[in-house]
Amino acid sequence: MGALKPWHIAVLVVVLILLFGAKRLPDAARSLGRSLRIIKAETKSLQDDDRDLAEKADAQAGYQPLPPHAGQQQYAPQQAPQQPVAPPVDPVQRVRDN
């Protein structure tokens, strides 16, 4: 029952010719072929993009910082020596003291 027999194909072709006409069928088939080609190319490029992103993620996950060399010191910024800070003086009080 589910098998496609040759007379099914013949009936389908006759119906298509009656609906669209003999002149429009080649153009329709050509357009369908172009559309399928475009869809195939786009899906392939999407798969390639996904593969590229996965490769970049794997490559970045493998990055590790380099260990410091045995003979070199690690950079440590030197701090300036702290000078004693005088307590804040009230300007009004300073004028009264003078």
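This structure is a prediction, so every number in the text was calculated from the model and none was measured. (Residues numbered from 1 in each chain as written. Predicted model: local features only at pLDDT ≥ 70, side-chain atom pairs only at ≥ 80, totals over all residues. Heavy atoms only, no water.)

Things to note about a nonpolar patch on the surface
For clarity, the cut-off: Patches here: salt-bridge-free residues with over 30% relative accessible area, like charges joined within 9 Å, nonpolar side chains (Val, Leu, Ile, Met, Phe, Trp, Tyr) joined within 5 Å. Surface exposure here means Shrake-Rupley accessible area, sampled with a 1.4 Å probe, where a residue is shielded only by the protein chains that are shown. Any Lys or Arg side-chain nitrogen found within 4 Å of a carboxyl oxygen on Asp or Glu counts as a salt bridge. Note on classification: 1.4 Å probe, protein chains only; a residue is buried when its accessible area is under 20% of the maximum for its type, exposed when over 50%, partly exposed between these limits.
A surface patch of nonpolar side chains, about 700 Å² in accessible area, is lined by Trp-7, Val-11, Leu-12, Val-15, Leu-16, Leu-19 and Phe-20. By relative accessible area, which is 44% here, Val-11 ends up partly exposed.

Looking at the pattern of salt bridges
Stated precisely, the cut-off is as follows: Strands are runs of DSSP state E lasting at least two residues, helices are runs of H or I lasting at least four, and both sets are numbered from the N terminus onward.
Counted under the stated rule, the structure contains two salt bridges. Of the charged contacts in the structure, one is a salt bridge between Asp-27 and Arg-30, with a shortest N-O distance of 2.9 Å. Placement of both Asp-27 and Arg-30 in helix H2 (residues 24–61) is noted, with a separation of three residues, approximately one turn of the helix. Look at Asp-27 and you get partly exposed, because its relative accessible area is 43%. Relative accessible area serves as the criterion here: at 44%, Arg-30 is assigned to the partly exposed category.

Some remarks on a negative patch on the surface
Heads up, the condition is: Positive charges come from Lys and Arg alone, negative charges from Asp and Glu alone, with His and the N- and C-terminal ends not counted. Charge placement uses NZ in Lys and CZ in Arg. For Asp and Glu, CG and CD serve respectively.
Together, Asp-49, Asp-50, Asp-52 and Glu-55 give the surface a local cluster of negative charge. Take Asp-50: it is sitting in helix H2. Using a relative accessible area of 52% as the deciding quantity, one classes Asp-50 as exposed.

Some words on the confidence of the model for the protein
Applied cut-off: Per-residue confidence from the prediction method is given by pLDDT, with values spanning 0 to 100.
The predicted model of the protein has a mean per-residue pLDDT of 78, with 69% of residues at 70 or higher. Ranking the elements of the protein by mean pLDDT puts helix H3 (residues 91–97) last, at 70, and helix H1 (residues 6–20) first, at 88.

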